[in-house]
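# Geometric and topological summary
Each chain, written out:
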Amino acid sequence: MGRSSRGWEFHSVPAAGEVIELRIGLRQGREPGHHRYGQHLSKAQVDALAAPHAESVEAVEAWLAHHGVAPESVSLREAWIVVRVTVAQAEAMLDTTYAIFYHAASASSVLRTMSYSLPAELDTHIDVMAPTTHFGTLRSMKREKFEAVGDVGSGIDVGALNCDTNVTVSCLRDMYKTKDYVPAAADNVLGVAGYLDEWANYVDLEDFMGVFRPDEARSSFETVLVHGGVNDQSQAGSEANLDVQYTVGISAPTKNHWGLAPGYQPDALLPTNMNEPYLDWLEFILAQDKVPQTITTSYADHEQTLGPYDYAVRVCTEFAKLGARGSSVLFGSGDFGVGGSNATGCLTNDGSDKTAFQPMFPASCPYITSVGGTTGVVERAADFSGGGFSNYFSTPKYQAQAAVEYVSALGNTYKGLYNCSGRGIPDIAAQAEHFLIVLNETLASIGGTSASSPTAAAVISLLNDYLLSTNRAPLGFLNPLIYKNAWAFNDITNGTNPGCGTDGFSATAGWDPVTGLGTLDFKRLQTVVDTVY
């Protein structure tokens, strides 16, 4: 199960008696399927559908008992068994050696192992074990370019701003045709997931709304904390502020929940960082009786850094549960075009060091909606828009025709650099450059698919509001619906996403791995849901 992980270096050996928390993913009964639109499942129904077989629970518990794990150290959480053991116990159980690894570029350290093994009799009972070989480098899909524009208190003539160079809430509401819509559903919630100690600031949002949405100046967000997460109001984060200022700015007065944010806080029992951010977040959100109808996340890993294939599949399956429960889940597709973020970012990490296009995860998961980037009033592809084809997941049925048509037109271009039978990325797109935000009471410009994902999510949230306010169910998993109704999107036919020493893919008529189906048209999408629901 071993796999090299670029950028991670051995740092130190953990104490043998240090307590760690192992999360054991049990093989689930059935994966949630695609139900007819509006016929979503409850938490209890999803849990029952995916519940592990009793013999799997018994087999794992017997294995734990064999290794002397005390019953009080074991807890069953739906399809997971969580165990607190010492490093020495974990090493004996998994026939491995743990170490603390350090990643200089992100200044982060984690407890991991390069390989592990399980008894053959557990093979049919366990999907994934964590923390083990997942060496992800979770990163914000925020462009590094950040420009201070001025003091927010100096007075801004919003009407005089040019949307080509200064994107505001008004620009986006006009562009995607939501300006005339007034949200009315009391129970509609838009969730924003945050990571990496990025904190959304209430004062900055108040200033932002006062300038860019004075009609909704009192709209704000509620903070929800996960796994020791915090929302430190003394340190505003540009990514966090970008997310909440544009989800609230476009969707107000819809309820916005910020946070759902795993954080690492050392304590006497768990002194070492073992975070598996996706699993932490998913465990929390799926345990709630109600989930937000729309969720956006602006963070991702390179797909190849995930380590074992089983890990990626299990995380993706957990996202499928959210869709089955009626949540539309969106992720930015990445800011590196077809490749990596630096000179070595296009090299494979399997030891061969071959050049290959590098898709992002969770954007490559077929159960979420990935959002690429555009720029300009006359929209064209942003040249950093993450796009391509998954090396882990095959082309899903809902996307098959669109992806096959694009790949066929490519012919032998880039042959060997991408997986021609993989799940295509992105699904849709939205504006991704020159977003004006307020950060520490200063007006600044920022961009990336970190901007396009919350923008698209806010529009989808309004569409969910439209359904809920007329006593209809929310959209849930979006992709089968949108691929059947590509006409409801603004097709982007100009631009490329260069990388890996190539020009990248080209935006063309129809779906493409740069801007997907295109950008959203709220009024057309209202027509679509009126036809379907």
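Procedures and definitions
- Residues numbered from 1 in each chain as written.
- Predicted model: local features only at pLDDT ≥ 70, side-chain atom pairs only at ≥ 80, totals over all residues.
- Heavy atoms only, no water.
- Helix = DSSP H or I, 4+ residues; strand = E, 2+ residues; numbered from the N terminus.
- Buried < 20%, exposed > 50% of the residue type's maximum accessible area, 1.4 Å probe, protein only.
- Contact = heavy atoms within 4.5 Å.
- Areas by Shrake-Rupley, 256 points an atom, 1.4 Å probe, with all protein chains shown as cover.
- Pairing = 2+ DSSP bridges.
- Axes fitted to C-alpha atoms, helices over the stretch in contact; angles between N-to-C directions.
- Salt bridge = Lys/Arg side-chain N within 4 Å of Asp/Glu carboxyl O.
- Disulfide = S-S within 2.5 Å.
- Parallel < 35°, antiparallel > 145°, perpendicular 65-115°, else oblique.
- Left-handed = near helix turned anticlockwise from the far one by under 90°.
- Core = buried A, V, L, I, M, F, W, Y, C linked by side-chain atoms within 4.5 Å.
- Phe/Tyr/Trp six-rings, centres within 6.5 Å; stacked < 30°, edge-to-face > 60°.

### Some thoughts on the overall build of the chain
- Helix and strand content of the chain: twelve helices and 25 strands.
- Burial statistics for the chain: of 533 residues in total, 60% are counted as buried.
- Excluding contacts between residues fewer than 6 apart, the proportion of contacts in the chain whose partners are at least 24 apart in sequence is 82%.
- Looking at the chain as shown, the accessible area adds up to about 20,300 Å², and 51% of this sits on carbon and sulfur atoms.

### A few points about the sheet that holds strand 6 (residues 108–112)
- Taken in spatial order, the three strands of this open sheet run 1-5-6, and their pairing is antiparallel. Each edge of the sheet is formed by a strand with only one pairing partner; in this case those strands are strand 1 (8–12) and strand 6. Put simply, the sheet's adjacent strands are angled 40° from each other on average, direction ignored.
- Relative to strand 5 (residues 99–103), strand 1 runs antiparallel, the two sharing four bridges. Note that in strand 5 the partner of Glu 9 across the bridge is Tyr 102.

### A few points about the pattern of salt bridges
- Under the counting rule described, the total for this entry stands at 16 salt bridges.
- A salt bridge links Arg 27 to Asp 127; its shortest N-O distance comes to 2.4 Å. Residue Arg 27 is located in the loop between strand 2 (19–26) and helix 1 (43–50), and its partner Asp 127 is located in strand 7 (residues 126–130); the two are separated by 100 residues in the primary sequence.
- Its salt-bridge partner being Glu 318, residue Lys 321 comes within 3.1 Å of it at the nearest N-O pair. In this pair, Lys 321 and Glu 318 are both assigned in helix 8 (residues 309–324), three residues apart and thus about one turn of the helix distant.
- Look at Lys 321 and you get buried, because its relative accessible area is 7%.
- Via salt bridges that share partners, Arg 27, Asp 127, Arg 314, Glu 318 and Lys 321 belong to a single interconnected network.

### With respect to the environment of Phe 135
- Residue placement: Phe 135 occurs in the loop between strand 7 and strand 8 (139–140).
- A C-alpha to C-alpha distance of 9.5 Å links Phe 135 and Gln 304, two positions 169 residues apart in sequence.

### Examining the state of the cysteines
- Applying the stated rule across the entire model yields three disulfides.
- The residue that forms a disulfide with Cys 346 is Cys 500, at a sulfur-sulfur distance of 2.0 Å. Between Cys 346 and Cys 500, the disulfide has an S-S torsion of -85° and is therefore left-handed. Highlighted residues: Cys 346 in the loop between strand 15 (328–332) and strand 16 (360–361) and Cys 500 in the loop between strand 24 (489–490) and strand 25 (519–520), separated in sequence by 154 residues. No difference in accessibility class separates Cys 346 from Cys 500, as the two residues are buried.
- For the chain, numbering the cysteines in disulfides from first to last along the sequence yields the connectivity 1-2, 3-5, 4-6.

### Let's talk about the pairing of strand 14 (residues 299–302)
- On strand 14, burial covers both faces: Tyr 299 and Asp 301 on one face and Ala 300 and His 302 on the other are all buried.
- Examined bridge by bridge, strand 14 and strand 16 share two bridges and lie antiparallel to one another. Each residue of the ladder has a partner; that of Asp 301, found in strand 16, is Phe 361.

### Regarding the packing of helix 5 (residues 202–212) against helix 6 (residues 238–251)
- Where helix 5 meets helix 6, the closest approach of the two axes is 10 Å, and the angle between their N-to-C directions is 40°. Comparing their axes, helix 6 and helix 5 come out oblique. Crossing angle aside, the handedness with which helix 5 passes helix 6 is right-handed. Across from Asp 204, Leu 205, Phe 208 and Met 209 in helix 5, the residues of helix 6 making contact are Asn 241, Val 244, Gln 245, Tyr 246, Val 248 and Gly 249.

### Comments concerning unusual backbone geometry
- Omega for the peptide link from Ala 252 to Pro 253 comes to 10°, which places this bond in the cis form.
- Along the polypeptide, Pro 253 turns up in the loop between helix 6 and strand 12 (255–262).
- Phi at Asp 95 is positive, roughly 50°, even though this residue is not glycine.
- The topology assignment puts Asp 95 in the loop between helix 3 (87–94) and strand 5.
- By relative accessible area, which is 63% here, Asp 95 ends up exposed.
- The backbone phi angle of His 434 is positive, close to 65°, even though this residue is not glycine.
- Inspection of the secondary structure puts His 434 in the loop between strand 21 (428–431) and strand 22 (435–439).
- You can call His 434 partly exposed: its relative accessible area is 27%.

### Points about helix 7 (residues 277–286)
- Among the ten residues in helix 7, nine count as buried, and that is most of the element.
- Buried within helix 7 we find Pro 277, Tyr 278, Leu 279, Asp 280, Trp 281, Leu 282, Glu 283, Ile 285 and Leu 286.

### Some thoughts on the nonpolar core
- Ranked by internal contacts, the top residues of the largest apolar core, which has 109 residues, are Tyr 246, Trp 281, Phe 319, Leu 322 and Phe 505.
- Looking at this core, the element that brings in the most residues is helix 10 (residues 449–468), giving ten residues.
- Setting aside its immediate chain neighbours within four residues, Tyr 246 contacts Val 167, Thr 168, Val 169, Leu 172, Phe 208, Phe 435, Leu 436, Ile 437 and Ala 458.
- Residues Trp 63, Val 69, Tyr 116 and Leu 122 belong to the second largest nonpolar core, which totals 23 residues.

### Considering the packing of aromatic side chains
- One pass over the structure, following the stated rule, counts 24 aromatic pairs.
- Ring geometry for Tyr 398 versus Tyr 483: centroids 5.4 Å apart, planes at 45°, classification tilted. On the criterion of sequence distance, the pair formed by Tyr 398 in the loop between strand 19 (388–394) and helix 9 (400–410) and Tyr 483 in helix 11 (residues 479–484) is long-range, its members being 85 residues apart.
- Put simply, the rings of Phe 357, Phe 389, Tyr 406, Tyr 414, Tyr 418, Phe 505 and Trp 511 pair up and form one aromatic cluster.

### Considerations on the environment of Val 19
- Looking at the element boundaries, Val 19 is found in strand 2.
- Taking the C-alpha atoms as reference points, Val 19 and Val 87, 68 residues apart in sequence, are found 6.2 Å from one another.

### Re the sheet that holds strand 3 (residues 74–77)
- Taken in spatial order, the four strands of this open sheet run 3-4-2-7, and their pairing is antiparallel. Sheet topology places strand 3 and strand 7 at the edges, where each strand pairs with a single neighbour. Ignoring strand direction, the axes of neighbouring strands in this sheet form an average angle of 20°.
- Across seven bridges, strand 2 lies against strand 4 (residues 80–86) in antiparallel orientation.

These figures come from the coordinates and say nothing about function on their own.
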